[in-house]
Amino acid sequence: MDADLYTKLFVNMNTTHDVLLQRVATILNGRIDLWTVEADSLAADVRPNEEAECNATDFIHYPYTVEVISQGLELEEYLGRVGAVMNALHTEGAAVVAACDWEDLLPGRGSLVS
């Protein structure tokens, strides 16, 4: 079992915070507690990005962040679950960029933008 792992996803999606929160809960098969999705051995905080800017081209300024924290998962399983969130949101039209130590191991090498 690896120590707790952390990835911050920056998400540019034309939706509301509540819809994004529900979507992440569905992808992870988790339950919502305020702005956090609690799933098996995983938590995902879905928040408006305090650094957001209108029409942002730099991912740091995308409107939402999803902070994914493992609670004892092995790295391979954790990467699969983070990748599932990235792929599902990208399929729905979102640009998703990961900030973590293992970006190269995630879909699109950590950057799914169109």
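Now for a look at the structure at hand. What you are looking at is a predicted structure, and each value in this text was computed from that prediction instead of being measured. (Residues numbered from 1 in each chain as written. Predicted model: local features only at pLDDT ≥ 70, side-chain atom pairs only at ≥ 80, totals over all residues. Heavy atoms only, no water.)

1. Remarks on the side chain of D45
Then, number 1: Positionally, D45 belongs in strand β4 (residues 42-48).
Then, number 2: It turns out D45 is buried and unbridged, and the closest side chain with the opposite charge, R47, is 4.7 Å from it.
Then, number 3: In this structure the side chain of D45 is engaged in a polar contact, spanning 2.4 Å, whose partner is the side chain of T36.
Then, number 4: Look past the residues within four positions of D45 in its chain and what remains in contact with it is W35, T36, T65, V66, E67 and I69. (Helix = DSSP H or I, 4+ residues; strand = E, 2+ residues; numbered from the N terminus. Buried < 20%, exposed > 50% of the residue type's maximum accessible area, 1.4 Å probe, protein only. Lys, Arg positive; Asp, Glu negative; His and termini not counted. Salt bridge = Lys/Arg side-chain N within 4 Å of Asp/Glu carboxyl O. Polar contact = N/O pair within 3.5 Å; in protein donor to acceptor, adjacent residues only side chain to side chain. Contact = heavy atoms within 4.5 Å.)

2. Considering the packing of helix α1 (residues 17-28) against helix α2 (residues 75-91)
Then, number 1: At a minimum axis separation of 10 Å, α1 and α2 run at an interaxial angle of 130 degrees. Here α1 lies oblique to α2, going by the angle between them. Between α1 and α2 the crossing geometry is right-handed. Facing α1, whose interface residues are L20, R23, I27 and L28, α2 presents R81, A84, V85, A88 and L89.
Then, number 2: The class makeup of the residues in the contact of α1 with α2 is seven nonpolar, no polar and two charged. (Axes fitted to C-alpha atoms, helices over the stretch in contact; angles between N-to-C directions. Parallel < 35°, antiparallel > 145°, perpendicular 65-115°, else oblique. Left-handed = near helix turned anticlockwise from the far one by under 90°. Nonpolar A, V, L, I, M, F, W, Y, C, P; charged D, E, K, R; others polar.)

3. Looking at the pairing of strand β3 (residues 36-39)
Then, number 1: Where strand β2 (residues 31-33) lies against β3, three bridges are found, and the strand directions are antiparallel. Of the residues in β3, the one forming a bridge with D33 is T36.
Then, number 2: The loop that links β2 with its antiparallel partner β3 comprises two residues; one of these, L34, has a positive phi angle of about 60 degrees.
Then, number 3: One ladder, built from four bridges, connects β3 with β4; its direction is antiparallel. Considered in β4, the bridge of V37 is made with A44.
Then, number 4: Between β3 and β4, which pair antiparallel and follow one another directly, the connecting turn spans two residues, one of which, S41, has a positive phi of 60 degrees. (Pairing = 2+ DSSP bridges.)

4. Describing the packing of aromatic side chains
Then, number 1: Under the criterion given, the structure shown has two aromatic pairs.
Then, number 2: Between the aromatic rings of F10 and F59, the centroid separation amounts to 5.2 Å while the plane-to-plane angle is 70 degrees, which identifies the pairing as edge-to-face. Of the two residues, F10 is situated in strand β1 (residues 6-12) and F59 in the loop between β4 and β5 (64-70); the sequence distance between them amounts to 49 residues.
Then, number 3: Of the residues examined, F10 reaches a relative accessible area of 6% and is grouped as buried.
Then, number 4: Plain terms: the ring middles of Y78 and W102 are 6.1 Å apart, the flat faces sit at 90 degrees to each other, and that makes the pair edge-to-face. Of this pair, Y78 sits in helix α2 while W102 sits in the loop between β6 (95-99) and β7 (111-112); the two residues are 24 residues apart in sequence, bridging distant segments of the chain. (Phe/Tyr/Trp six-rings, centres within 6.5 Å; stacked < 30°, edge-to-face > 60°.)

5. Structural notes on the sheet that holds β3
Then, number 1: Pairing is antiparallel across the open sheet formed by seven strands, whose spatial order is β2-β3-β4-β5-β1-β6-β7. Edge strands, defined here as strands with exactly one partner in the open sheet, are β2 and β7.
Then, number 2: Along the sheet, α2 makes contact with β1, β3, β4, β5, β6 and β7, crossing β1 at roughly 0 degrees.

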